[in-house]
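# Coordinates in review
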Amino acid sequence: MFIAPRPARAAFVLFAALVSTASAQQKPLAGFDDYVNRAIRELKHAGIAVAIVRNDSVVYAKGYGVRKVGESAPVDANTIFAIGSSSKAFTGLAAAMLVDQKKMRWDEPLATYLPELRLADAYASKELTVRDALTHRSGLARTDLMWISGQFDSDELIRRLRFVQPSSSFRTQYGYQNLMFLAVGMAVARVSGMPSWAKFVEERIFTPLGMNESSTSIRDLAGKPNVAQPHALVRDTLKTVPFRMIDHVGPAGSINSSVNDMAKWLRFQLAGGKVNGKPLLGEQALMETRTPQFLLRRGGGGANAERDGYFSAYGFGWFLQDYHGKYVVHHGGNIDGMTALVAFMPDENLGVVALTNMNGSPLPNLVVFDVFDRYLGRPSKDRVTEIVKARERQAARARQMEAEAESKRVKGTSPSLPLEKYAGAYADSANGTMKVAVENGKLVVRYGSQFTGDLEHWHFDTFRVSWRDNVVVPGAFISFTIDRSGLPGKLDAGDFGTYAAQR
């Protein structure tokens, strides 16, 4: 029997071990490409990028599909997407860094650091802490119209919070609140002496982690060649939509990044807050950000969560849940035309990020939990078919609702007044102003810089709105109430709120 000389045998053993390790890493992903490509095709997406971190190594980073429908430029691991509310974990970390430096305290009233912050509820206004703001227990409803309209800068958004009536008692219910993260981000800037939250994140997080392609504003995307275009399904057709400028509420969701950069964020999280073995903050402060702070209803772990576990909770910019006995930390993000999901299992040293240029997409969730199943050795689950069937049910329900609305429409009516009488400004102390004008013989409504809609008479003093250039916003109805003066005194825009005539 031939026996190799010792050096050659040692080299052979080392080579065999390396091959075995590589094989072990790739085995869970057998067939993964086919699965993702099928999902893109059947769910009608333009593209997606995915990165997987395992044991402090990036074992997978790849793009699928295209950056823009109708064009051939491919998505790759360096393609930049908006990550939306996945940005919240960066704001939570920024606060944790200041807590670690003893410049901020979790249970200090937020007004200590941001004195201009006032709420309608005097008790909540005084007692709202950094912890409360980061865990969505302020008692306020979402108030998203205040920032979506683009009418107000950050300072004005904070000022207008005092006009928002609480939707629940302070600290009693979970209520997702983007403006609370804005308030924490502004406090981070004040306490740190930085000119802005954005500057803090860039200098204290992006730079040390080497996230060189990440940014906090779509302004920074100008001139970059590898940027995904936002998309939405409009009447079952994939269309491009504009980027939304949200710098004024940046701490809640304005970060743009690639999966290669976000893989560095995952490595940092899985390494306990260390970069190249050096901690950016103490482990206790970091762990507090992903410790359950507020329990949610079962299955309530965020829009992108897998509804399969016994508990869900919220930390500081992270949703927390169990998944088949494993602890999962994650947060999704949705901003016009883009969807993201960042998730990791600390005990498995496993993390996944999925970014897609599609509005309100289930695809990142599908991809992330498929990867988890593969590494946990669980049987495959055909989430694509589940989603297709769910979409069919939603479409059927939408058609039913459309038919119901049409059946209740009173035919043969006319507006009570000449169209020019409806023109004017209608205001709300929190949400700002809607302006109605007559253009080319029809009514047009404008809400801030983001929304322009054409009004078509429906019945009586109700008009149906078709929003221009903002197809990710569903259609709506606007009803005018005629007051004792014989003129419109109120404009009711449904989910967009109610506004009083300004005369």
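Cut-off values and rules
Residues numbered from 1 in each chain as written. Predicted model: local features only at pLDDT ≥ 70, side-chain atom pairs only at ≥ 80, totals over all residues. Heavy atoms only, no water. Axes fitted to C-alpha atoms, helices over the stretch in contact; angles between N-to-C directions. Helix = DSSP H or I, 4+ residues; strand = E, 2+ residues; numbered from the N terminus. Parallel < 35°, antiparallel > 145°, perpendicular 65-115°, else oblique. Left-handed = near helix turned anticlockwise from the far one by under 90°. Contact = heavy atoms within 4.5 Å. Phe/Tyr/Trp six-rings, centres within 6.5 Å; stacked < 30°, edge-to-face > 60°. Buried < 20%, exposed > 50% of the residue type's maximum accessible area, 1.4 Å probe, protein only. Lys NZ or Arg CZ within 6 Å of the ring centre and 35° of its normal. Polar contact = N/O pair within 3.5 Å; in protein donor to acceptor, adjacent residues only side chain to side chain. Pairing = 2+ DSSP bridges. 1 Å grid on protein atoms, 1.4 Å probe; cavity = no way out; pocket = protein on both sides within 12 Å on 5 of 7 lines; lining within 4 Å. Points joined across faces, edges and corners; volume = space filled by probe spheres on them. Nonpolar A, V, L, I, M, F, W, Y, C, P; charged D, E, K, R; others polar. Core = buried A, V, L, I, M, F, W, Y, C linked by side-chain atoms within 4.5 Å.

Interaxial distance between helix H13 (residues 363-376) and helix H14 (residues 383-408) falls to 11 Å at its minimum, and their mutual angle equals 150°. With respect to H14, the axis of H13 lies roughly antiparallel. Crossing hand, H13 versus H14: right-handed. Judged by residue contacts, Leu366, Phe369, Asp370 and Asp373 of H13 engage Arg383, Val384 and Ile387 from H14.

Enumeration according to the criterion identifies 24 aromatic pairs in this entry. Where tyrosine 447 meets phenylalanine 496, the ring centres are 6.1 Å apart and the plane angle is 75°; that geometry is what we call edge-to-face. You can see tyrosine 447 sitting in strand E17 (residues 442-447) and its partner phenylalanine 496 sitting in the loop between strand E21 (488-492) and strand E22 (498-502), a full 49 residues away along the chain. Considered together, tyrosine 447 and phenylalanine 496 belong to a single accessibility category, that of buried residues. The rings of Phe90, Phe206, Trp265, Phe268, Trp318 and Phe344 are connected pair by pair, giving a single aromatic cluster. Its guanidinium or amino end placed over the ring of phenylalanine 181, lysine 88 lies 5.6 Å from that ring's centre, counting from NZ or CZ. Residue placement shows arginine 409 over the ring face of tryptophan 458; its charged tip is 4.2 Å from the ring centre.

Within the secondary structure, arginine 67 sits in the loop between strand E2 (57-65) and strand E3 (81-82). Within polar-contact distance, the side chain of arginine 67 engages the backbone oxygen of proline 74 at 2.9 Å. Here the side chain of arginine 67 touches proline 225 through a polar contact of 3.0 Å, landing on its backbone oxygen. Aside from chain neighbours lying at most four places away, what touches arginine 67 is Ala73, Pro74, Val75, Thr79, Pro225, Asn226, Val227, Ala228, Gln229, His231 and Asn357.

Mapped onto the secondary structure, histidine 324 falls in the loop between strand E11 (319-323) and strand E12 (326-335). Residues histidine 324 and histidine 136, 188 residues apart in the sequence, show an inter-C-alpha distance of 26 Å. Polar side-chain contacts of histidine 324 include one of 3.2 Å to the side chain of arginine 378.

This paragraph deals with the pairing of strand E20 (residues 476-482). Summarising the sheet, strand E19 (residues 462-467) and E20 pair through four bridges and their orientation is antiparallel. Within E20, the residue paired with threonine 462 across the bridge is serine 479. As paired strands, E20 and E21 are joined by four bridges and run antiparallel to one another. Note on E21: the bridge partner recorded for threonine 481 is lysine 490. Connecting E20 to the next strand, E21, in antiparallel fashion are five residues, including glycine 486 with a positive phi near 85°.

What follows deals with the sheet that holds strand E9 (residues 294-295). The pairing of strands in a sheet happens through backbone hydrogen bonds and is either parallel or antiparallel. Ordered by their spatial adjacency, eight strands build an open sheet running E2-E1-E14-E13-E12-E11-E10-E9, and the pairing between neighbours is antiparallel. Two strands bound the open sheet, and with one partner strand each, they are E2 and E9. Here E9 runs beside strand E10 (residues 312-314); their pairing, made up of two bridges, is antiparallel. Bridging from a neighbouring strand, leucine 295 pairs with alanine 313 of E10. Each of strand E1 (47-54), E2, strand E13 (338-345) and strand E14 (350-356) touches helix H11 (residues 259-270); the most contacted strand, E14, lies at about 150° to it.

Attention shifts here to empty space enclosed by the protein. The gaps of empty space that remain are located by a probe, the size of a water molecule, rolled over the atoms. Evaluation of the coordinates by the stated rule reveals three cavities of 30 Å³ or more. One number sums up the size of the largest cavity: a volume of about 100 Å³. Lining the largest cavity are 13 residues, with Ala82, Ile218, Arg244, Ile246 and Ile335 positioned closest to its centre. A class-by-class count of the residues in the lining of the largest cavity yields six nonpolar, four polar and three charged.

Another aspect to go through is the environment of arginine 378. Relative to the helices and strands, arginine 378 resides in the loop between H13 and H14. Classification of arginine 378 by relative accessible area gives partly exposed; the value is 32%. On a C-alpha basis, the gap between arginine 378 and histidine 459 in space is 55 Å, while along the polypeptide they are 81 residues apart. If we ignore the near neighbours within four places in the chain, the residues touching arginine 378 are Tyr323, His324 and Asp373.

Before going further, it helps to examine the nonpolar core. Core analysis: the largest hydrophobic core is formed by 111 residues, its most contacted members being Phe90, Met104, Leu110, Trp265, Phe480 and Leu491. Apart from the residues within four sequence positions on either side, phenylalanine 90 is in contact with Ile83, Val201, Ile205, Phe206, Met211, Ile255, Met262 and Trp265. Residues Tyr35, Val36, Ile48 and Val50 belong to the second largest nonpolar core, which totals 31 residues.

Turning next to the sheet that holds E22. Ordered by their spatial adjacency, eight strands build a closed barrel running E15-E16-E17-E18-E19-E20-E21-E22, and the pairing between neighbours is antiparallel. Sheet twist, expressed as the mean angle between neighbouring strand axes with direction ignored, is 30°. Bridge analysis of strand E15 (residues 424-428) against strand E16 (residues 432-439) gives five bridges, and the strand direction is antiparallel. Considered in E16, the bridge of glycine 424 is made with valine 436.

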